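Listed here are the chains, written in short residue letters.
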Amino acid sequence: MRLLLVNDDGINAEGIQTLARYLEKDHHVTIVAPDNQMSATSHSITLTKPIIVKKKNLQGIKSEAYSVSGTPADCVRVALDKILEEPVDLVVSGINMGTNLGMDILYSGTVSAAIEANIYDIPSIAVSAEINDGKACYEIGAKYLKYILQTVNDRFLNSKTVLNINTPCVDERNIKGIKVCRIGGMIYDYYFMEEGNEEEMSLVVSGRRKDELEKGTDRYYLKKGYVTVTPLQYDFTNFKLIEEVESWLKKS
């Protein structure tokens, strides 16, 4: 297959380079990634300044690689519109340093890059690796991504689907399997005030809410030691309410 690899951690991130080394053994891979860390940029794109694209040589990786002075969504757009000479079969975004679970996917540059590919009618996968003791388990993420690709094969490639994959950071022998599940759980970063007064304050994001894990969700199953897979959609339309809202707006 012809694969495009993108991420939000930057072209020098260990996650995307680990993934490239795994995938380029069996596939034609092109890497297009931000030149700097772009986590939590969601689906933003660059509008008010030029985007600079540079060809890069990544140690131990034979695939062509390019850095982009923009967001993860920019990387997908630039790759498909300006860099790639032939169509790709699949876009893979990651491996992200840390999970993208629950409502975090709304903020995730990793997930947004995968969704941007799907807007171009290209199937895509976002893959994120859990962190343990300050280190993400990228090898587990790469192995399970490769396994899932081999398993779903043509059924996935013909579906124009976005899959969000999260892998736990445990001994591989303790991984219980793969769970296809829904996202779940409101996760908000705390904003802590470092210093301030009545006119101005300085805030820093720190910590996570410790809310309960809802059964059947990605957060729940990852905590139980499963690899989680969630199919996503980007059409936010509430189709069930279209007729009802129309009735609100009709004159009596």
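Heads up: the structure comes first, above all this text.
Rules of the game
Residues numbered from 1 in each chain as written. Predicted model: local features only at pLDDT ≥ 70, side-chain atom pairs only at ≥ 80, totals over all residues. Heavy atoms only, no water. Disulfide = S-S within 2.5 Å. Helix = DSSP H or I, 4+ residues; strand = E, 2+ residues; numbered from the N terminus. Buried < 20%, exposed > 50% of the residue type's maximum accessible area, 1.4 Å probe, protein only. Contact = heavy atoms within 4.5 Å.

Q: Can you walk me through the state of the cysteines in this structure?
A: Disulfides are covalent bonds that connect the sulfur atoms of two cysteines. Scanning all chains against the criterion turns up one disulfide. Linked covalently through their sulfurs, cysteine 137 and cysteine 169 form a disulfide whose S-S length is 1.8 Å. Classification of the bridge connecting cysteine 137 and cysteine 169 rests on its S-S torsion, roughly 55°, and on that basis the disulfide is right-handed. With a gap of 32 residues between them, cysteine 137 in the loop between β8 (135–136) and α4 (138–157) and cysteine 169 in the loop between β9 (162–167) and β10 (177–180) connect regions that are remote in the sequence. Cysteine 169 matches cysteine 137 in its accessibility class, with the two residues each being buried. No disulfide involves cysteine 181; its nearest neighbouring cysteine sulfur is the one of cysteine 169, lying 18 Å away. Judged by relative accessible area, which is 9%, cysteine 181 ranks as buried.

Q: Help me understand the environment of asparagine 118 in this model?
A: Examined against the element boundaries, asparagine 118 turns out to sit in helix α3 (residues 109–119). Since its relative accessible area comes to 7%, asparagine 118 is described here as buried. Expressed as a C-alpha distance, the spacing of asparagine 118 and valine 91, which sit 27 residues apart in the sequence, is 8.6 Å. Residues within four places of asparagine 118 in sequence aside, it is in contact with Pro123, Ser124, Lys160, Thr161, Val162 and Tyr234.

Q: Help me understand the side chain of glutamine 17, please; the structure alone is not making it clear to me.
A: Note on placement: glutamine 17 falls in helix α1 (residues 14–23). Residue classification places glutamine 17 among the buried positions, given a relative accessible area of 14%. Not counting the four nearest positions on each side in its chain, glutamine 17 is found in contact with Ile11, Asn12, Leu58 and Ile61.

Q: Just to check I follow, could you spell out unusual backbone geometry for this structure?
A: Note that the residue after glycine 94, namely isoleucine 95, is joined by a cis bond; omega there is 0°. Residue position: isoleucine 95 is located in strand β5 (residues 90–97). Even without glycine at this site, alanine 40 takes up a positive phi of about 60°. Tracing the backbone through its elements, the reader meets alanine 40 in the loop between β2 (28–34) and β3 (53–56). Given a relative accessible area of 58%, alanine 40 falls into the exposed group.

Q: Where do I start with helix α2 (residues 72–83) in this structure?
A: Most of α2 is tucked away: nine of the twelve residues are buried. The set of residues buried in α2 consists of Pro72, Ala73, Asp74, Cys75, Val76, Val78, Ala79, Leu80 and Ile83. On its buried side, α2 packs onto β1 (2–6), β2, β3, β4 (64–68) and α3.

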